[in-house]
Amino acid sequence: MKASYEWLKEFCEFDLPAHELAGRLSHSGLGIETYEPRGDDWMLDVEVKSNRPDCLSHLGIAREVAAVTGGTVRRPELKASEDADRAFTDLAAVEVTAPDLCPHYTARVVTGVSVGPSPDWMQRRLETCGVRPVNNVVDVTNYVMLECGQPLHAFDLALIGGRRIVVRQAAAGEVLTTIDGTEVRLNGDECVIADESKPIAMAGIMGGLESEICETTVDVLLEAARFHPGSVRRSSRAHGLSSESSYRFERGIDPEITDWASRRACQLIVELAGGDLLQGSADIRADTTSTPEVTMRHSRLALVLGIRVDRDEVEGIFRGLGLEVPGQDEASITVRVPSWRGDLRREIDLIEEVARIHGYDRIGETTRMPVRAAQPDVADVVQRRARRFLAGQGFNEVMTYSLVAPTDLQLSQPWHDGAPVAVRNPVSAERTHLRLTNMANILRVKGFNQARGTERVNLAELGHVYIPRPGEHTPEEKLCLTLLTDENDGLRLLKGVLENLLLELGVTGKVEEKPGCAGPFDPEQALTLRLGDAPLGGAGVVSDRIAEDLDLRAAPALMELDFGVLTAACRLDRPYEPIPPYPATRRDLAIAVAEDVLWADVEACVRQSAPAILESIALFDIYRGQGVPEGQKSVAFSLTFRRGDRTITSEEAEQAREAILAALEGQLNARLR
Amino acid sequence: MQQVANTILRAVERRLRQATDIDSVEQVRVQYLGRKGSIAKELAKIPALPDDEKPTAGRELNNLKQRVSELIEETRSRLTTEQAGVGPRPDPTMPGLRRPRGTIHPISRTMEEMVDIFRTLGFEAVEGPEVETDWYNFEALNIPADHPARDDWDTFYITDDTLLRPHTSPGQIRVMESRRPPLRIVVPGRCFRRDTEDARHFSMFHQLEGLMVDEGVSFGDLKAVLHIFLRQFFRQELDVRFEPDFFPFTEPSAQVHCTCVICQGKGCQTCSYSGWLELLGCGMVDPNVFEAVGYDAERYTGFAFGMGADRIAMLKHQIPDGRLFFQGDVRFLSQF
């Protein structure tokens, strides 16, 4: 709320320059965001939090000033004189049929006003507070609201049908044109101020265009009321309408200020616009003000804050805040909460008041932290190891957005067939659904880098994808590790990274590959991966079409893994494996096979026919060209043989190699080169 | 024998003077020092000499052998140095060959560092779901429906009851529901708010929140813990200032300011020339929150705090635009 420094002085005498006042108030909990000179005055931009609606007025802020400076709070004197001959009831009537929505309604009438501009001093004060002057009557309503926090509304009495106000619930379908020109179709939940036939204002939010004060207005009906905060809030949101009034009603009004504000406003209207105030008022109230008593124990204060505060000081703080102290003893102090402090209801609320006025800086730092057991966090260790490992392998970790647009590319993944989770109220058309994969995002990052001149990238993302669960509103948050490379032989490179990662994490199982995988892949260069009996993920070379769509110069390779599967299979503290005591012997083999024979077929055949002495097989060359028949390729690999009980002999190695070659010739039609 | 030795020596000297490469030197060695070489032949004649001539002859031949060895070594040395001068010259100042270096994302690093510091103070890291229910995210945190306090969290909704969490506090509620006090946890994670994006506001960001509940936990403990954290995290001495604030789930509440870590309080662009940075919100846990999770609010007290990891990473590294975090430009990522 924007407040005026000079105006505050009318409510509490103080001797501090603006910057010091700002500092003192901020220091005790009423933050002054900025302060600027405005002519002879200063504008203080006060940050009022939702627990202190009483500070949405100069009176409320002045109370805070008094609490920190020790000053006294005063209010302008009321000296309105009523017309002895005519009464409110002669000219107007009020009925409240929805007391739940409007627990208190008052109205007064001033007749014979001259509507014109308000005096300079009032206009300047309103402008300092960010309110645009309109005319003397409307300006008075805003002025008094800024003074004491009570929103007011002035109606042109002649334009109120039947001169009757009915405060009621709206009927669905009723229409109201508000003062800002919006035509509102009511849904039936709202509280409205109506005349004998139609709504003339949205209660607490905005007045109607028809009955607004203008130059021809002669008789004014002044409303000062209190509306249910929840109702005002709901109606305000439903129609997208809000105002300084609705803002205050939502947060809570001091029930004891309503009538004062009404009298004050009428007095000012008569002073500035002339006219007569009719005797009496409508005053319909359905609730009573509660001013509860709350007790605070000094021992509890010491426990929560960690310091003791002198009992006299505590009492002084409460009285300085305007709280009465009906009783106290050695152990505790009781206060009576005034009508404007709806936020003080419990002992802890009083403790906070003492703490902020006493000064947080006077509470020292104490450390007395007992040692307590904590549970080990394996998942975190595994993630950190994986991150470091990937950085060591040359990958840059990226983070991309969880919310995406549900394009075909975004839906191309191996985890879920159906639609992604949608957000009802997105802020951008690009971010409307929770991602089912990281692959689409990481491809865009690749494109982003290419467009900026970085040709070679190796990217990794460790982030959640959100898989809808049948019958549940919340999705499974699956942690996925997604890799992208555009180096040559990218798919083999990623498979190598995965193998190394398994070693790094101590995973003992072997990854099974099956050709084909749902995802943005070239179907002939894609694999579905499993680890044991769990689906691990997929990998492949991106299809040419997708690479073209994304304007990529070459098709990168991608891999996406369910990181939870890896975490479950990892073994952080591996047992030692004995180092083989006897040397191995290596034999190479080069065979020519048909083009459609896969390496997986060759390897499977070798392992199947291999004797126990085969320790490993490693592919080192694939060759096509001179010396290899058309439609065939030469596959060269090394076989490592080793015995566990003694050094293997040349003859044994030869025999084994022969046996393997025979199997390859028999099963795959291979021929030795 | 003396004469024979001199002759051999002169021959060796002549041969070595003429030698132009190591191979020639090797030939000389074999010819004179080899098993079947000249000196060996002379040594073989010693047994046939008269007894009184044997010792002298032996000595002379051994001296010769030594001398020839030395000459051969000298020649070898000389030739090696000369040859080195003739071939390509090595250049040790050539640039280093770097193996490819990957990087960890600055937000991952920031979160890890934060968690590690709190771990040293006995805090356990726990994660909660990003997609939450209204109860865990608001009601249990003393933010009732239709309350204006909700305006402070402009939230993405999936259904009336399911949303994308705008803070990680619901994770704390979940832990409190499943464990009895005492408790010391931090909850790191990703959050979402309906903010229009610009250099300093994001619709997706990361937070770290913390909670400690025990008997006798006070505001003084809260101040101490946060001061320790800030000093360790920014690796420098700094002052902290706690100013009263309001959050629905803490009472009393505070904002924490610390000396600007870029200019050490002298004033710079990062701190808008104030010398201070506002980094954290915190406070004592509101008893209503304890009630919601079934903790005895009379017996236990606690404190809670929260900070934006992305924002703090931006401050620490003086990054002007937070969108850089999520664009994936490797020229940015490689810097960390």
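Rules used throughout
- Residues numbered from 1 in each chain as written.
- Chains lettered and ligands numbered in written order.
- Predicted model: local features only at pLDDT ≥ 70, side-chain atom pairs only at ≥ 80, totals over all residues.
- Heavy atoms only, no water.
- Helix = DSSP H or I, 4+ residues; strand = E, 2+ residues; numbered from the N terminus.
- Rg over C-alpha atoms; globule rule 2.2 N^0.38 Å.
- Buried < 20%, exposed > 50% of the residue type's maximum accessible area, 1.4 Å probe, protein only.
- Contact = heavy atoms within 4.5 Å.
- Areas by Shrake-Rupley, 256 points an atom, 1.4 Å probe, with all protein chains shown as cover.
- Lys, Arg positive; Asp, Glu negative; His and termini not counted.
- Charge placed at Lys NZ, Arg CZ, Asp CG, Glu CD.
- Domains from an automatic or database assignment.
- Pairing = 2+ DSSP bridges.
- Axes fitted to C-alpha atoms, helices over the stretch in contact; angles between N-to-C directions.
- Buried area = accessible area lost by both parts, 1.4 Å probe.
- Salt bridge = Lys/Arg side-chain N within 4 Å of Asp/Glu carboxyl O.
- Polar contact = N/O pair within 3.5 Å; in protein donor to acceptor, adjacent residues only side chain to side chain.
- Nonpolar A, V, L, I, M, F, W, Y, C, P; charged D, E, K, R; others polar.
- 1 Å grid on protein atoms, 1.4 Å probe; cavity = no way out; pocket = protein on both sides within 12 Å on 5 of 7 lines; lining within 4 Å.
- Points joined across faces, edges and corners; volume = space filled by probe spheres on them.
- pLDDT = per-residue confidence, 0-100.
- Parallel < 35°, antiparallel > 145°, perpendicular 65-115°, else oblique.
- Left-handed = near helix turned anticlockwise from the far one by under 90°.

With respect to the overall build of chain B
Part 1 of the argument: The number of helices and strands found in chain B is 12 helices and 9 strands.
Part 2 of the argument: Taking 2.2 N^0.38 as the reference for a compact globule, 336 residues should give roughly 20 Å; the C-alpha atoms of chain B span a radius of gyration of 41 Å, well beyond that estimate.
Part 3 of the argument: Judged by the C-alpha coordinates and their principal axes, chain B covers about 125 × 45 × 45 Å.
Part 4 of the argument: Across the 336 residues in chain B, those meeting the buried criterion constitute 54%.

What about the overall build of chain A?
Part 1 of the argument: Each helix and strand counted, chain A has 20 helices and 32 strands in total.
Part 2 of the argument: Against the compact-globule benchmark of 26 Å for 673 residues, chain A has a radius of gyration of 40 Å, which places it well outside the compact range.
Part 3 of the argument: In terms of its C-alpha atoms, chain A occupies a principal-axis envelope of roughly 130 × 60 × 50 Å.
Part 4 of the argument: Taken across its 673 residues, chain A has 53% of its residues classed as buried.
Part 5 of the argument: For chain A, long-range pairs separated by at least 24 residues make up 70% of all intrachain contacts whose partners lie at least 6 apart in sequence.
Part 6 of the argument: Summing over all exposed atoms, chain A offers an accessible surface of approximately 30200 Å²; the carbon and sulfur share of this is 47%.
Part 7 of the argument: Where the 75 positive side-chain charges of chain A centre and where its 104 negative ones centre are 5 Å apart.

Observations concerning the domain arrangement of chain B
Part 1 of the argument: By domain assignment, chain B separates into domain 1 (2–83) and domain 2 (106–333).
Part 2 of the argument: A C-alpha centroid distance of 87 Å is found between domain 1 of chain B and domain 2 of chain B.

Some words on the sheet that holds strand β3 (residues 41–47) of chain A
All names here are of chain A.
Part 1 of the argument: If you walk across this open sheet you meet the 3 strands as β1-β3-β2, and the pairing is antiparallel. Strands at the two margins of the open sheet, each flanked by one partner only, are β1 (2–4) and β2 (31–38). Adjacent strand axes in the sheet meet at a mean angle of 25 degrees, parallel and antiparallel pairs treated alike.
Part 2 of the argument: Across 7 bridges, β2 lies against β3 in antiparallel orientation. Following the sheet pairing, Gly31 is matched in β3 by Glu47.
Part 3 of the argument: Relative to the sheet, helix α2 (residues 18–27) contacts β2 and β3, its axis offset from that of β2 by approximately 165 degrees.
Part 4 of the argument: Running over the sheet, helix α5 (residues 120–128) touches β1, β2 and β3 and is turned about 140 degrees from β1.

Some thoughts on the interface of chain B and chain A
Part 1 of the argument: With 85 residues of chain B at the contact, the number on the chain A side is 78 residues.
Part 2 of the argument: Counting each side, the surface lost to burial between chain B and chain A is near 7100 Å², with a carbon and sulfur contribution of 50%.
Part 3 of the argument: The largest per-residue losses of area from chain B upon contact with chain A belong to Asp146, Pro244 and Glu251 of chain B, which jointly make up 9% of the total buried on that side.
Part 4 of the argument: On inspection of chain B and its partner chain A, the count reaches 15 salt bridges.
Part 5 of the argument: The partner of Asp151 of chain B in a salt bridge is Arg233 of chain A, with the nearest N and O atoms 3.0 Å apart.
Part 6 of the argument: Across the chain B-chain A interface, the total number found is 45 residue pairs in polar contact (both at pLDDT 80 or more).
Part 7 of the argument: Among the elements that take part in the side of chain B that touches chain A, helix α8 (residues 219–234) of chain B stands out by supplying 8 residues, more than any other.
Part 8 of the argument: A per-class count over the side of chain B that touches chain A returns 38 nonpolar, 20 polar and 27 charged.

Section: empty space enclosed by the protein
Residues and elements named next belong to chain A.
Part 1 of the argument: The full count for this structure, using the stated rule, is 3 cavities of 30 Å³ or more.
Part 2 of the argument: In this structure, the largest cavity encloses a volume near 70 Å³.
Part 3 of the argument: When contributions to the lining of the largest cavity are tallied by element, the ones reaching two or more residues are α13 (378–392), β20 (396–397) and β23 (458–467).
Part 4 of the argument: For the lining of the largest cavity, the class distribution of residues is 6 nonpolar, 2 polar and 3 charged.
Part 5 of the argument: The calculated volume of the second largest cavity comes to roughly 40 Å³.
Part 6 of the argument: Around the second largest cavity, the lining residues are Arg52, Asp54, Arg63, Glu64, Leu321, Trp340 and Arg341.
Part 7 of the argument: Split by residue class, the lining of the second largest cavity holds 2 nonpolar, no polar and 5 charged.
Part 8 of the argument: Two domains each provide a minimum of three residues to the lining of the second largest cavity, namely domain 1 (2–69) and domain 3 (293–360).

Notes on the confidence of the model for chain B
Part 1 of the argument: On average, residues of chain B score 92 in pLDDT, and 98% of them are at 70 or above.
Part 2 of the argument: Across the predicted assembly, pTM comes out at 0.85 and ipTM at 0.89.

Thoughts on the packing of α2 of chain A against helix α3 (residues 58–69) of chain A
Residues and elements named next belong to chain A.
Part 1 of the argument: Running from amino to carboxyl end, α2 crosses α3 at an angle of 90 degrees, the nearest separation of the two axes being 10 Å. When the interaxial angle is binned, α2 and α3 end up roughly perpendicular. Residues Leu21, Arg24 and Leu25 of α2 form the contact with α3, whose own contacting residues are Ile61, Glu64, Val65, Val68 and Thr69.

Quick word on the sheet that holds strand β26 (residues 521–531) of chain A
All names here are of chain A.
Part 1 of the argument: Taken in spatial order, the 7 strands line up as β20-β23-β24-β28-β27-β26-β25 in an open sheet, and their pairing is mixed. Looking along the sheet, the strands with just one partner apiece sit at the ends: β20 and β25 (511–515).
Part 2 of the argument: Alignment of β26 against strand β27 (residues 534–542), held across 7 bridges, turns out to be antiparallel. Bridge pairing in β27 links Leu527 to Ala539.

A look at the packing of α5 of chain A against helix α6 (residues 136–148) of chain A
All names here are of chain A.
Part 1 of the argument: Between α5 and α6, the least distance of the axes is 11 Å, while the angle of their chain directions is 55 degrees. Between α5 and α6, the angle is such that the two are oblique. For the element pair α5 and α6, the recorded crossing hand is left-handed. For the pair α5 and α6, the contacting residues are Trp121, Met122, Arg125 and Leu126 in the first and Asp139, Val140, Asn142, Tyr143 and Leu146 in the second.

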